[in-house]
Amino acid sequence: MRDDIKHEVLQRLGQFNFKEMKGWLRQGRCPSCGKKELYTNADKPWVVRCGRLNNCGFEANVKDIYPDLFDNWSNRYQEQQQSNPNAAADAYLILARGFSLDKIWGCYTQETYYDNRLKIGSATVRFKVADTWWERLIDQPSRFGKRKAGIQPGGHYAGRWWMPPALDLKTVDQIWLTEGIFDAIALWHHGIPAVSLISCSNYPEYELEQLAKERPNNRPTLVWALDGDQAGRSYTKRGVERAREAGWLCAAATIPQQGQRKQDWNDLHLLDRNSDDPDRQHLSQIGRKKYLHHGAILIARTATEKALLIYQNDNRRTEFDFEFGKRLYWFRMDVKAYQSALDRIGAENGDLADDEIRERALAEAGGIRQIANCYPLPLYFQENKLTDESWYYFRVEFPHSGAAVKNTFSASMVCTSSEFKKRLLGIAPGAVYTGSNMMLERMMERQLYNIKRVETVDYIGYSRDHGCYVLGDMAIKDGQIHRINGEDYFDIGTLSVKSLNKSVTLEINDNPAEYRTDWPDLIWRSSGAKGLAALTFWFGSLFAEQIRATQKSFPFLEVVGEAASGKSTLIEFLWKLFGRDDYEGFDPSKSSLAARARNFAQVSGLPVVLIEGDRERLGDEKSHVKSFDWDELKTAYNGRSVRARGMATSGNETYEPPFRGTVVISQNNEVAASDAVMQRIVHLYFDKSHHTPKTKEAADALNALKTKDVSGFILAATKREAQIMKTVEERTPYRERQLLQMPEMRSTRLAKNHAQMLALADALRLVVKLDDEQFQALTDQFMQMALERQQAINTDHPLVQEFWEAYEYLNGPDPVSPKLNHSRDPELIAINLNHFIQEAAEKKQQIPAIRDLKKVLKTSRRNKFVDRRVVNSLLRENASLASGSSTSVSCWVFEKGK
């Protein structure tokens, strides 16, 4: 291993906490079983293995664990390429593929590939195939999306194959037919004559016809060794059937696949490279018997043939389940019947070989029964540790053309046949299980032992525990995009994770060629600096979890203003940037407490938009929904839970999911809440004063953009997570000092909130293009917003100001004989609102609507609100003495301002 790569690999392997012992790294924490049994060679750390061979058996190549260390060969070998044009290709084949160049010398070249659409290029390793060529990209192939290799444009290889230069097919007894060129080379390194079909669907008709002409009476056996995935297995059966019809003897070799990290023959070659133990050699004469056995099972013609192959390989099990033709069968060997048949067939056919006699006896004594008209297979175990819930995730396949069904089974459902039967029929139409309890128990005992575990999150967005964005069918970790696999989870190195959330759907277009970059200018032209400010907050939502981890808080955004001023249009477009179409937010006033809590808990690193939270609802006293209180949001500022609920256990456990997203408030009226809530808000006010025909044209163009045109923004942002967080962490303290230097700024919380926004504005330029004029306007906007917010928290709400002005007039100037203040305490003011209305009507004073006053009076700063309670009225004292009526009055009580 090259020294620089070895050094980087050893650094990365530190995550497993190895201890160095006599040239070996041992006692590492196994990512599969969690035991401290992981080890590797300190001088040649190509492969890490778990020492628990029977109970775990985990092994992985460092190339698969840390692919980024093995995907930039041109840069690593730039100097050597001056003297050797194939230097990068040579290094790739030696280090990444484990090949000896003397076995393939002269059959490849180093070339280049350039993608005109993406405007990026890569060095390639190119092989000549028939009259065309095939090449593999070797410089960060993940940049090119799904394309990692390709055939010459317009090239044809149908009916042909590629083979190693030194292979002579005239003298071999077997020919292994693989998919990839690297698979054929890997087998050739172990003395196995192998050719590459390039694609599993390519039947080598021309090559087989030529070989049949050269060896008409001595044809070799064709061993179909295609990949072990679904496509490879399917085409293996087709290829065998077609070749047998053409007169060829056929066998098959298949690598059993565990999980979604597909293994091919090159992978096995790499694993063998670091193993001196012949019992662990996958491609030795003994080792490959297993793959030939699995291949024989794959191409078995009947269920009986398949069952006998399984039994002969492991005759310790006299009963077992197996699949054939997407149906589930049960095999049971009657030992007495077998012995009787063995004696009888041997006596009747004395000229038969012992193997033939045993096979006939097995066929007679082995009973086969169909126990399900489908094939249910447990894929992995998943659990939600916070709620202490767990499930087994199954795939159910059918023998007909219906699509496979995937769903969960609880522990109780896999324990008893009646529950299993009901659940199976409930999720898979027409799927019927007819087996017994014993059969189910045996089947689950085998299939669930050491089953793969997949970690789960019950939300969509950023997972702080995994350092990964889980966004629908895509995940982004360390700047790399990963797509969800066929088993509905993300397989990212040693991490397997999925989201349990079904409520929020993000449709993200990851095709960079379809991503439009002109939309920031449309926001600027339609909404100006305020639109860019909203974009900055939206952008910052993606990193709210990371920011709270270091800075302990993240502000709320309030977008208010006149009706038809463009608030909803802007927010709906901002959602499109994240892949969410036709959505603005939810109305907390129409939601129950539980529904609000779930809305807050189902996203992470994404906004939670509250719309029309100030809406006046009629008939509150009859509604089953409690009114929404803005103070519910206070804990969300620091990322703490907005609601706790008891767990359905015998203990006193509670479920308090932290708030992982951000809060956006969109309504017509400003929020009227406590001072603590008001200081947590970054405020944007929209009106129609800037509306012109040009702004309407830009707004219409913005609204016409499709989600697929702009959803690439979320990928562009999350892929730059490290750069963005570095910028935010460096710029926030500077921006905070800048704000606090202004004499008007007195609140450190407000300064911090707006400093975070200014730092995010600095980071936004890493993702979208903002010219100097736009950036300066955006910076000035946040500065102005900070000053306006400081002024807003220093003064009362306009309705509260009107109320106190009316109160002072109606109450009169004489403190000894007040007209409205019922309080006996000279330090308090107690006002009965009905009395207030009566006095105002008599004096013909215009006062605010009482229902609006009730919303904002608690925020009073001039005279601080204390409570709503019954007081002993000073004003009614004399009247009560004359009439005998009560002096108790329900009042709003305030503390007199100094």
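Keep in mind the model is a prediction, meaning the values are calculated, not measured.

Caption draft 1: Main features of the packing of aromatic side chains. This structure, assessed with the given rule, holds 46 aromatic pairs. Relative to Tyr-489, the ring of Tyr-380 lies with its centre 4.9 Å away and its plane at 75 degrees, an arrangement referred to as edge-to-face. Here Tyr-489 lies in the loop between β24 (480-483) and β25 (490-492) and Tyr-380 lies in strand β17 (residues 375-384), a separation of 109 residues in the sequence. Taking the relative accessible area as the measure of exposure, Tyr-380 reaches 0% and is therefore buried. Ring pairing ties together the aromatic residues Tyr-462, Tyr-469, Trp-519, Trp-538, Phe-539, Phe-543, Phe-573, Trp-575, Phe-578, Tyr-583 and Phe-713, which thus form one cluster.

Caption draft 2: Fine view of the packing of helix α15 (residues 519-541) against helix α17 (residues 567-577). Contact pair α15 / α17: the axes reach a minimum separation of 11 Å and the direction vectors enclose 75 degrees. The orientation of α15 with respect to α17, classified from their angle, is roughly perpendicular. Residues Trp-519, Ile-523, Gly-531, Ala-534, Leu-535 and Trp-538 of α15 lie in contact with α17, whose contacting residues are Leu-570, Ile-571, Phe-573, Leu-574, Trp-575 and Leu-577. A breakdown of the residues in the contact of α15 with α17 according to their chemical character gives eleven nonpolar, one polar and no charged.

Caption draft 3: View of the pairing of β17. Within β17, eight of the ten residues are buried, which leaves the element mostly enclosed by the surrounding structure. Sheet analysis places β17 next to strand β18 (residues 389-397), joined by nine bridges and oriented antiparallel. Looking across to β18, one finds that Tyr-375 is bridged to Glu-397. Where β17 folds back on β18, the antiparallel hairpin that results is connected by four residues, among which Asp-388 adopts a positive phi of roughly 60 degrees. Relative to strand β20 (residues 453-457), β17 runs parallel, the two sharing three bridges. Each bridged residue has a counterpart across the sheet, and for Gln-382 the counterpart in β20 is Val-454.

Caption draft 4: The side chain of Lys-306, seen in detail. Mapping Lys-306 onto the fold places it in helix α10 (residues 303-313). Apart from the residues lying within four places of it in its own chain, the contact partners of Lys-306 are Ile-297, Ala-300, Phe-322, Glu-323 and Phe-324.

Caption draft 5: Seen up close, the nonpolar core. With 96 residues, the main nonpolar core has Trp-519, Phe-539 and Leu-610 as its most contacted residues. The leading source of residues in this core is α15, at twelve residues. Residue contacts for Trp-519: discarding those within four places in its chain leaves Leu-535, Phe-573, Leu-577, Leu-702, Leu-705, Val-710, Phe-713 and Val-768. Grouped together as the second largest cluster of nonpolar side chains are 63 residues, Cys-50, Leu-101, Val-129 and Leu-268 included.

Caption draft 6: Just helix α20 (residues 693-704), in detail. Compared with an ideal rise of 1.5 Å per residue, which puts twelve residues at 16 Å, α20 spans 16 Å between its outermost C-alpha atoms and is within 8% of the ideal. Among the residues of α20, those classed as buried are Thr-695, Ala-698 and Leu-702. Across the axial projection of α20, the buried residues extend over an arc of 65 degrees, all falling on one side. Turned more than 90 degrees from where α20 packs its buried face, Pro-693, Lys-696 and Glu-697 sit exposed. Contact partners of the buried residues in α20: α15 and α17.

Caption draft 7: Focus on the confidence of the model for the protein chain. Considering every residue of the protein chain, the mean pLDDT works out to 89; 95% of them sit at 70 or more. Across the protein chain, the secondary-structure element scoring lowest on mean pLDDT is helix α29 (residues 877-883), at 59, and the one scoring highest is strand β10 (residues 174-178), at 97. In the model, residues 615-626 has pLDDT below 50 throughout and makes 15 contacts with residues more than four positions away in sequence or in other chains.

Caption draft 8: Structural context of the environment of Asp-518. Here Asp-518 is to be found in the loop between β26 (495-499) and α15. Between the C-alpha atoms of Asp-518 and Val-768, which are 250 residues apart in sequence, the distance is 9.3 Å.

Caption draft 9: View of the sheet that holds strand β5 (residues 59-61). Taken in spatial order, the five strands line up as β1-β2-β3-β4-β5 in an open sheet, and their pairing is antiparallel. What marks the edges here is a single partner per strand, and that holds for β1 (19-21) and β5. Strand-to-strand twist in this sheet, taken as the mean axis angle between neighbours without regard to direction, amounts to 25 degrees. Summarising the sheet, β1 and strand β2 (residues 24-28) pair through three bridges and their orientation is antiparallel. What sits directly across from Met-21, in β2, is Trp-24. Lying on the sheet, helix α8 (residues 265-273) is in contact with β4 (47-50) and β5; it crosses β5 at an angle near 100 degrees.

Caption draft 10: The pairing of strand β14 (residues 319-324), seen in detail. Taken across its six residues, β14 has five buried, putting it largely inside the fold. Here β14 runs beside strand β15 (residues 327-333); their pairing, made up of six bridges, is antiparallel. In the strand pairing of β15, Phe-322 is matched with Tyr-329. Between the end of β14 and the start of β15, which pair antiparallel, lie two residues, with Gly-325 showing a positive phi angle near 60 degrees.

Caption draft 11: Spatial organisation of the pattern of salt bridges. If you walk through the whole model with that rule in mind, you get 27 salt bridges. Residue Lys-406 is joined to Asp-488 by a salt bridge in which the shortest nitrogen-to-oxygen separation is 3.4 Å. With Lys-406 in strand β19 (residues 405-409) and Asp-488 in the loop between β24 and β25, this pair connects stretches of sequence that are 82 residues apart. The partner of Glu-808 in a salt bridge is Arg-862, and the shortest N-O contact between them spans 2.3 Å. Taken together, the residues span a long stretch of sequence, with Glu-808 in helix α26 (residues 798-811) and Arg-862 in the loop between α28 (850-856) and β34 (864-872) at a distance of 54 residues.

Rules behind the numbers
Residues numbered from 1 in each chain as written. Predicted model: local features only at pLDDT ≥ 70, side-chain atom pairs only at ≥ 80, totals over all residues. Heavy atoms only, no water. Phe/Tyr/Trp six-rings, centres within 6.5 Å; stacked < 30°, edge-to-face > 60°. Helix = DSSP H or I, 4+ residues; strand = E, 2+ residues; numbered from the N terminus. Buried < 20%, exposed > 50% of the residue type's maximum accessible area, 1.4 Å probe, protein only. Axes fitted to C-alpha atoms, helices over the stretch in contact; angles between N-to-C directions. Parallel < 35°, antiparallel > 145°, perpendicular 65-115°, else oblique. Contact = heavy atoms within 4.5 Å. Nonpolar A, V, L, I, M, F, W, Y, C, P; charged D, E, K, R; others polar. Pairing = 2+ DSSP bridges. Core = buried A, V, L, I, M, F, W, Y, C linked by side-chain atoms within 4.5 Å. Expected span 1.5 Å × (residues − 1). Arc of directions from axis to C-beta. pLDDT = per-residue confidence, 0-100. Salt bridge = Lys/Arg side-chain N within 4 Å of Asp/Glu carboxyl O.

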